Amino acid sequence: MSTLTRGPAPQDVTYTERRRVRGLAWLMVRQHRAVLIACATATLIGALWMVHERSVALDALHAAGWPAKPRDDMGGAPHRIGTSFARVAAYLAYLPFLFGVFVGAPLIASDHEHGTARLVSTQSVPRMRWVLWKLGFALTLAVVTTGILGGVFGWWWRSVRSVIGTSWLDATVFDNTFPMLIALTVFTTSLGILIGVLIRRAVAAMVVTFFTSAAALLVADHLRTRLATPRRTAGPLGGEHPAVLSHGVEIDQWVGTASGKVYGWGTCVDDAAPDACRARLGIVHSVWDYFGDDQMATIQWTASGLLLGAAALMVVLAVWRARRQAL
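Model, not experiment: these values are computed from the prediction.

Asker: Is there a simple way to explain the side chain of Ser159 in this structure?
Answerer: Secondary-structure assignment places Ser159 in helix 6 (residues 127-164). A polar side-chain atom of Ser159 sits 2.8 Å from a polar atom in the side chain of Arg54. Not counting chain neighbours up to four residues away, the residues in contact with Ser159 comprise Arg54, Leu58 and Trp66.

Asker: How should I be thinking about the sheet that holds strand 4 (residues 283-292) in this particular structure?
Answerer: Strand pairing within a sheet occurs via backbone hydrogen bonds; the two strands may be parallel or antiparallel. The four strands are arranged 1-4-2-3 in an open sheet whose pairing can be described as antiparallel. Where the open sheet ends on each side, the last strands, each with one partner, are strand 1 (231-236) and strand 3 (262-264). Taking each pair of neighbouring strands and ignoring which way they run, the sheet shows an average axis angle of 45°. With six bridges joining them, strand 1 and strand 4 adopt antiparallel strand pairing.

Asker: Could you clarify how one ought to interpret the pairing of strand 2 (residues 248-257) in this entry?
Answerer: Each regular strand shows side chains that alternate between the opposite faces of the sheet. Sheet topology note: the strand 2/strand 4 ladder contains nine bridges and is antiparallel. Bridge pairing links Val255 to Ser286 in strand 4. Here strand 2 pairs with strand 3 via three bridges, running antiparallel. Of the residues in strand 3, the one forming a bridge with Gly256 is Val262. Here strand 2 folds back onto strand 3, and the loop between the two strands holds four residues, one of which, Gly260, carries a positive phi near 105°.

Asker: Where do I start with the side chain of Ser190 in this structure?
Answerer: Structurally, Ser190 is set in helix 8 (residues 180-199). Classification of Ser190 as buried rests on a relative accessible area of 1%. With residues near it in sequence (within four places) discarded, Ser190 still touches Leu139, Ala311, Met314 and Val315.

Asker: Is there a simple way to think about the state of the cysteines in this case?
Answerer: Each disulfide consists of a covalent bond between the sulfur atoms of two cysteine residues. Enumeration over the complete set of coordinates arrives at one disulfide. Disulfide pairing is shown between Cys268 and Cys277; the S-S distance is 2.0 Å. Taking the sign of the S-S torsion, about -60° here, the bridge from Cys268 to Cys277 comes out left-handed. Each of the two residues, Cys268 as well as Cys277, counts as buried.

Asker: I'm lost on the packing of aromatic side chains in this one. Help?
Answerer: The relation between two aromatic rings is expressed through the spacing of the ring centres and the mutual angle of the planes. Here the structure, examined in full by the defined rule, presents seven aromatic pairs. Ring geometry for Phe85 and Phe153: centres 4.6 Å apart, planes at 25°, overall stacked. Of the two residues, Phe85 is situated in helix 3 (residues 77-92) and Phe153 in helix 6; the sequence distance between them amounts to 68 residues. For the pair Phe85 and Phe153, one class covers both residues: buried. Judged by centre distance (5.3 Å) and plane angle (85°), the ring pair of Phe210 and Phe211 falls under edge-to-face. With a relative accessible area of 40%, Phe210 lands in the partly exposed category. Here a set of aromatic residues connected by ring pairs shows up, and it is made of Phe85, Phe153 and Trp156. The ring of Trp155 has Arg54 sitting right over it, with the charged end atom 3.9 Å from the ring centre.

Procedures and definitions
Residues numbered from 1 in each chain as written. Predicted model: local features only at pLDDT ≥ 70, side-chain atom pairs only at ≥ 80, totals over all residues. Heavy atoms only, no water. Helix = DSSP H or I, 4+ residues; strand = E, 2+ residues; numbered from the N terminus. Polar contact = N/O pair within 3.5 Å; in protein donor to acceptor, adjacent residues only side chain to side chain. Contact = heavy atoms within 4.5 Å. Pairing = 2+ DSSP bridges. Axes fitted to C-alpha atoms, helices over the stretch in contact; angles between N-to-C directions. Buried < 20%, exposed > 50% of the residue type's maximum accessible area, 1.4 Å probe, protein only. Disulfide = S-S within 2.5 Å. Phe/Tyr/Trp six-rings, centres within 6.5 Å; stacked < 30°, edge-to-face > 60°. Lys NZ or Arg CZ within 6 Å of the ring centre and 35° of its normal.

By themselves these figures say nothing about function.
Laid out in structure tokens, this is it:
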């Protein structure tokens, strides 16, 4: 009788509780351990690589006389640093595509294709709970990975931006720093998830996601300069650039009259008497449209907000579709 009142062995209770607490979190890590290890490795190596490159760049610049010497008097150091910077940026630019194609597209499509979704539904796990855990795992992985890499890359760029000659509006900087790298990756991952839910074939979803992501990011790149109102400054025709342009990004150039009317930069250039042509039109100014450095955050956060809003819509559609379709 004493044996019956002792209850289960302590080790059995501990094992059962440990598995119950871990639940779907344990399943996500177990099922996607290859992706998790790849992202952790890429994040660690990438961050350490950028920290090292930043240290090497600053040492080279100080040895060349920076910041006392101007950029043109520092020999080949700025060019070497700019080349290294562009190479790292090129690798970071692949992250949105990689997450969309290899994380988002097969996330649910692969489970449908191989019957895993049907198996999970027989284990007393509600379908919605399983879908939300899958989405949360993928999007959290995307945010953490790109948040760390984008933050370190932006820290490196701010340290050497005065000598590498790459403007912040260029995709090399704009798309690979916080928060844009996160927003782009979340967008492509959500797009891949939605396509995977609709197609339900992993390889086909990956191919469609690749081309759809490329088209979407190409459109987003062309819309970048439309997310804020450029500023305008003017100076004497043929004179030096205004000092304000050294703290901004020039996006267009015009010629203008004293009354404020502007003409295209090439106006009167091909005329037989250019000076007489300009005098007849009253052109006396060179005019520049530009974005100031203080507008970078505004444009980045606006673009990120639009991308994240589109991503949220795609996630809602993916959840709605996954909930209604047959396993």
